[in-house]
Amino acid sequence: MSSNFVHLHTHSHYSLLDGMSKVSDLVARAKELGMPALALTDHGNMYGAVEFYKECKSADIKPIIGVEAYIAERTRFNKEPGIDNRRYHLTLLARNNAGYKNLMKMVSKSNLEGFYYKPRMDLDLIREHSDGLICLSGCPGSRFIQHLKAGNKAEAVKLLNTYIEIFGKEYVFVEVMAHEEVEWYIPLIPTILEIAKEVALPIVGTWDSHYLHVDDKEAHNTLLAINTNNQNFKFGGNYSFIAQQEADKLFADIPNALENTLKVADLVDLEIELSPWRFPTYIIPDGSTYNDELRKAVNIGLLEKGYGKTQEAETRIEFELDIIKNKGFSSYFLVVADLVRSAREMGIYTNTRGSAAGSLVSYLVGITTVDPIKYKLPFERFLNPLRPGIPDIDLDIADDRRDDLISYAKQKYGERAVAQICTFGTMAARGSVRDVARALGYPYNVGDTAAKLIPMGSQGFPMTIERALEIEPDFKDLYDNDRATKEVVDLAKKIEGNVRHISIHAAGVVISPTPDITDFAPIQYAAFRRA
């Protein structure tokens, strides 16, 4: 089965507020429906971009990475109550690596500079980073459609011409949706088609997808109620992931609307470099190499530790250095050794644990404190020629001085080259049941009683509602015999695992090999700095 319709407007659970589809499920559904490509356009963020890219590649589907951007009423710098809390949507897709990098730059600046209720872009920012992008004119919440809704056809035409000037005519498409429940929008479609013809732009049919299946609608509206604490905030109509047959019906009267989704997909040629590893740019003397500097550090360590030059030690050092060199990890060892040495100089307590203790090189350059020869620890458990990926050096830093070491890294590698990573809080089994019960308006004890019957999970083995029904007889009995509990649990199963919030990871820090980390990933302030 093949499809001549490509979803270009989809939201995953990384949209945080209103998306319910997990990335893996989105890609699996596209594969099932025979779609050759798929776009991810979460609201204002790229949290799921790399996961989505990997999933698509594994499924032999062309990944199209995009953003449904929030466009400021005036500029991204204006933040006046009553005016600048209004914003519009615009669909931007990366057609190549330059576009992907520009999306990361814009998403970063929309957070760092434009955040006001939402991370906002403006046309100046888009104009600065337009290379490699495809522009779709947007959903009913776009500025283009809002001009038409207000009867400002001339402004709508002017805006499309602005997009043409920014992106180039071959990379601008007029977006048409067919959500009949948006009653005021449907009568505008003839005008949209007329304007597209007037400015000689192609129409592309899109469908705003927030969940996979039609019967997920109630669960999605429940998720909206949970995330907004508003039981009346609901999506009417169908926002599922539609198949070719339904798309054929919806866009039957709009020539080339579906064929142009394939045209958009054909414009995309994106290959994200996921390997090899890129390490921070550790400064070394001119004419030297990272391998030379690591060997020097080892020799200094031999002297400082009074380590005898035995045949066993020399053989072990050469063996380790050869593998480290061939793997291209010499700079990695130098970076970590520098961080550990600097922490100790600043009086920050550190400890390196795990398999890194099996490396004599690590011991001699100061990364670890245990002599692996004395304690007969094998190097191969830490690193060997056949082991893929980067060796894991588990470095513990005193939590009350972690910020001091991060400040040192920023001073050494650049303020914009260092960032803490985020982590996503997901809706666990017990919490999902309680949240759903509250959102549906049930008394507190309905959710609480059911949730308490779900066994606790463990690290690495989280408990799921489905598993709890299998192993906990009292929970299964309540589910089978109480109507309210069954309704709550059935909905909770659908939203379980959804991303609930984003926060700062307790320990993860990224250091970019370039002066600006947004060359590799979007960044934002922690939530508490956004106000």
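Everything quoted here is computed from the prediction, not taken from an experiment.

Here is what the cut-offs are and how they apply
Residues numbered from 1 in each chain as written. Predicted model: local features only at pLDDT ≥ 70, side-chain atom pairs only at ≥ 80, totals over all residues. Heavy atoms only, no water. Phe/Tyr/Trp six-rings, centres within 6.5 Å; stacked < 30°, edge-to-face > 60°. Buried < 20%, exposed > 50% of the residue type's maximum accessible area, 1.4 Å probe, protein only. Lys NZ or Arg CZ within 6 Å of the ring centre and 35° of its normal. Helix = DSSP H or I, 4+ residues; strand = E, 2+ residues; numbered from the N terminus. Contact = heavy atoms within 4.5 Å. Salt bridge = Lys/Arg side-chain N within 4 Å of Asp/Glu carboxyl O. Polar contact = N/O pair within 3.5 Å; in protein donor to acceptor, adjacent residues only side chain to side chain. Core = buried A, V, L, I, M, F, W, Y, C linked by side-chain atoms within 4.5 Å.

S.K.: Residue-level account of the packing of aromatic side chains, with values.
M.R.: The relative placement of two aromatic rings is captured by the distance of their centres and the angle of their planes. Taken as a whole and judged by the stated rule, the model has 14 aromatic pairs. Taking 6.2 Å as the distance between ring centres and 75° as the angle between the ring planes, the aromatic pair formed by Phe233 and Phe235 counts as edge-to-face. A relative accessible area of 29% means that Phe233 is categorised as partly exposed. A connected cluster of aromatic rings, assembled from ring pairs, spans Phe279, Phe319, Phe329, Tyr332, Phe333, Phe379 and Phe382. Residue placement shows Lys305 over the ring face of Tyr363; its charged tip is 4.5 Å from the ring centre.

S.K.: How would you summarise helix α16 (residues 429–439) if you had to cite specific residues and measurements?
M.R.: Within α16 the residues assigned to the buried category are Ala429, Ser432, Val433, Asp435, Val436, Ala437 and Ala439. On the buried face of α16, the contacting elements are α8 (217–228), α17 (444–452), α18 (465–471), α20 (483–495) and β11 (499–511).

S.K.: So what about the pattern of salt bridges? Which residues, and what values?
M.R.: Opposite charge on two side chains makes pairing possible when the charged atoms of those side chains draw close. For the structure on display, the rule yields 36 salt bridges. For Lys109, the salt bridge identified is with Glu128, shortest N-O distance 3.4 Å. Of the two residues, Lys109 sits in helix α3 (residues 97–112) while Glu128 sits in helix α4 (residues 123–128), which places them 19 residues apart along the sequence. Given a relative accessible area of 22%, Lys109 falls into the partly exposed group. Take Glu128: its relative accessible area is 51%, and that puts it in the exposed class. The partner of Asp396 in a salt bridge is Arg353, and the shortest N-O contact between them spans 2.8 Å. In this pair, Asp396 sits in strand β9 (residues 394–397) while Arg353 sits in strand β8 (residues 350–353), placing the two residues 43 residues apart along the sequence. Among the residues examined, Asp396 registers a relative accessible area of 27% and is labelled partly exposed.

S.K.: Please set out α17 residue by residue, giving values where relevant.
M.R.: Those residues of α17 lying buried are Val446, Gly447, Asp448, Ala450 and Ala451. Residues of α17 that are buried sit in contact with α16, α19 (473–481) and α20.

S.K.: Pulling in residues and values, what's your account of the environment of Tyr442?
M.R.: Its place among the elements puts Tyr442 in the loop between α16 and α17. The spatial distance from the C-alpha of Tyr442 to the C-alpha of Ala484 is 8.0 Å, given a sequence separation of 42 residues. When sequence neighbours within four positions are dropped, the list of residues in contact with Tyr442 reads Ala437, Arg483, Ala484, Glu487 and Val488. Side-chain polar atoms of Tyr442 contact the side chain of Glu487, separated by 2.4 Å.

S.K.: I'd like a rundown of the nonpolar core, residues and numbers included.
M.R.: By size, the foremost hydrophobic cluster in this structure holds 121 residues, and its most contacted members are Leu92, Phe144 and Phe167. Sorting elements by how many residues they give to this core places helix α6 (residues 153–167) first, with eight residues. In contact with Phe144, other than residues within four places in its own chain, are Ser137, Ala156, Leu159, Leu160, Val174, Ile192 and Ile195. One finds Ala343, Leu360, Ile393 and Leu405 within the second-largest nonpolar core, a separate group that totals 44 residues.

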